[in-house]
Amino acid sequence: MITLPAPHSRWRDGLAVFAGALYPLGFAPIGFRPAVVVALVLFWWSLDGLAPRRAAARGYLFGLGLFGVGVAWVYESLRYFGEAIAAVALLGTAAFIAVAALYTALFAWLWARGFGGPLPFASRCLALPSLWVLVEWFRGWFLGGFPWLVSGYATLDTPLDASAAVVGVYGAGWLLLLLPAWLACLCSRPAVGRASAAALVVALVFTGGAAQLRLLEFTSPVGEPLRVRMVQGNIEQGIKFDPDNLVPSLARYVSLSKQGGADYDVLVWPETAVPAFFDQVGPVIGGFRDDLVAQGRHWLIGGFSFDWDTRRVFNAVRLITDPALPEYRKHHLVPFGEYLPFRGLLDALSAIIAVPMSDISAGPTQPEPLHLGPVRVAVSICYEDAFGEELIRQLPVANLLVNVSNDAWFGDSWAPAQHHEIARMRTIETGRPQLRATNTGITSLVDHRGRVRESGPSFVEAVVDVDVQPREGTTPYVNGGNVPVVLVLVLGVGVPGVLAWRRRLAYTV
């Protein structure tokens, strides 16, 4: 007979680190979806029988593996583009990973504290994925949020991805994790009777029903398709904000925009394609803008806006062919990247890490869609598209999503591919196609079902011409956001939690 190591053994600690390192392989650019299932089965099984403090330690080890592999690109951003010395960049990356791992430690502690005792098989199968996704949701907003490598993104390109139109990325993740929860519980408490069978049937019914959502359309085409040109200038991050490079950069973008004539309705330049204030570049791009205005074309351009009344700077997107209309101003800023939190305490960081966008102000949290004639566009800038519940504030008015990004900060790492995967999920949640214009890639058109219809190469100059069909209508997720799913997750944790508490009382009486 094979005897498995005891729950508190160092062997299981190593298994937790391995499982954590395996988990990110389920996401882009690797995209081996079963890795998420296998990793969580191993991790959840390794927690069986542990006291809360010991479980938290093991959860922390899992988090070190997860974020150590999954977001190691933070080093590249700090070292090569933040101009920090290697030791400082390594220390900063290690600190980031160490903090992020606290979330998986929190999950493990809560699991051992609330569900470590005797509990019906089906209740454990329900509580495991509910608690995991609830902690993911918490990570997605606490202290500004870091919703990276959330399990729901692993449903993309599977029969479950359509469920995001109803329950969002967190609900889709919960459906996916019903299977590893059942397997982990089966490993911990081999139950071949009715309880195990019932839990499996429930999981299959839920996931099978979710897969049928691919047959439904919650939104419909409206108006005529737009011919859009997205320009990828491929400006190196090291010279992007150099004042001496401003005119050559803009000249490159204008030249690419004219390539093959102006056979388009809308021109889109990426985030900070203008690495200066909009009002400063009129002499360089004014003639080209006037030509587009005369031809009745629209031009969305990313750059910096300065408010003379408040003396504040904004990362913005402006419809520069109609400057009388309001611009979009980024409101969900990246800490340390666009602003310095706790500035009084951390101002010394600016002496060792160069952050050229560290004094950005936040725009309004309830932005209005931009107008491209009869078409309304919901704009997001870079990292903002990771927050689905914020994006839907511009819906259902908007017919189309536009995201402008500059992932050159992260070089040729996993970050751009992971970010593109996040953007794809927003199209399913909203039932809208998305135009994604970037500085170095991935520039693409994603349809309303999350499928990539057109995509340009990365790290080269590129022009991506697409036809995009605006849509109208409302998905259930747009109507309810994350609230219904979070309530279900709370019930999924709360009801088994109460059962576990009552059983512990019964054993102690």
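See the structure printed just above.
Throughout, a residue's number is its position along its own chain's written sequence, starting from 1. Only residues with pLDDT of at least 70 are given local features in this predicted model, and only at 80 or more are side-chain atom pairs given and counted; all residues enter the totals for whole chains, interfaces and linings. Think of the side-chain values as coming from all heavy atoms in the structure, minus any hydrogens and water.

1. Concerning the overall build of the protein
The condition is simple: Secondary structure counts use DSSP, requiring at least four H or I residues in a row for a helix and at least two E residues in a row for a strand, with both numbered from the N terminus. Using a 1.4 Å probe on the protein chains alone, a residue whose accessible area is under 20% of its type maximum counts as buried, one over 50% counts as exposed, and one in between counts as partly exposed. The protein chains shown are the only cover counted for residues, whose accessible areas, like all others here, come from Shrake-Rupley with a 1.4 Å probe.
Along the protein, the regular secondary structure elements total 16 helices and 14 strands. Among the 509 residues that make up the protein, the fraction classed as buried is 55%. For the protein, the exposed surface amounts to about 21,200 Å²; the carbon and sulfur share of it is 64%.

2. As for the pairing of strand β9 (residues 400-405)
How we decide: Note: two strands are recorded as paired if DSSP finds a minimum of 2 bridges between them. By definition, the crossover connecting two strands over a helix is right-handed if that path, from the first strand to the second, turns clockwise as seen with the strands pointing away from the viewer.
With six of its six residues buried, β9 lies for the most part within the structure. Every second residue of β9 is oriented toward a common face, with L400, V402 and V404 on one face and L401, N403 and S405 on the other, all of them buried. Bridge analysis of strand β8 (residues 375-381) against β9 gives five bridges, and the strand direction is parallel. The residue of β9 that forms the bridge with A378 is L401. Bridge count between β9 and strand β10 (residues 434-438): five bridges; the pairing is parallel. Residue pairing across strands places V402 opposite L435, the latter belonging to β10. A crossover connection joins β9 to the parallel β10 through helix α14 (residues 415-430); in handedness this β-α-β unit is right-handed.

3. Some remarks on the environment of V247
Turning to its location among the elements, V247 is positioned in helix α10 (residues 246-257). We classify V247 as partly exposed; its relative accessible area is 48%. It is 10.0 Å that separates the C-alpha atoms of V247 and P283, two residues lying 36 residues apart in sequence.

4. Section: unusual backbone geometry
The step from A28 to P29 runs through a cis peptide bond, and the omega angle for that step is 5 degrees. Note that P29 resides in the loop between α1 (10-22) and α2 (34-46). A positive phi angle is found at D157, which is not glycine, with a value near 65 degrees. Along the chain, D157 falls in the loop between α6 (121-139) and α7 (164-188). For D157, a relative accessible area of 53% gives the class exposed. Backbone geometry places F459, a non-glycine residue, at a positive phi of 60 degrees. The residue F459 is located in the loop between β12 (452-455) and β13 (462-468) in this model.

5. With respect to the pattern of salt bridges
Put simply, the rule is: Whenever Lys or Arg places a side-chain nitrogen within 4 Å of a carboxyl oxygen from Asp or Glu, that contact is recorded as a salt bridge.
Summed over the entire model, instances satisfying the criterion amount to 20 salt bridges. Measuring nitrogen to oxygen at the nearest pair gives 2.8 Å for the salt bridge that ties R229 to D465. Taken together, the residues span a long stretch of sequence, with R229 in strand β2 (residues 226-232) and D465 in strand β13 at a distance of 236 residues. The exposure class of R229 is buried, given its relative accessible area of 4%. Accessibility expressed as a relative area gives 26% for D465, which makes it partly exposed. In this structure, the salt-bridge partner of R252 is E461, at a minimum N-O distance of 3.3 Å. Pair noted here: R252 is in helix α10 and E461 is in the loop between β12 and β13, with a separation of 209 residues, a long-range link. R252 gets classed as partly exposed once you look at its relative accessible area, which sits at 29%. A single network of salt bridges, built from pairs that share partners, joins D279, D307, R318, E327 and R329.

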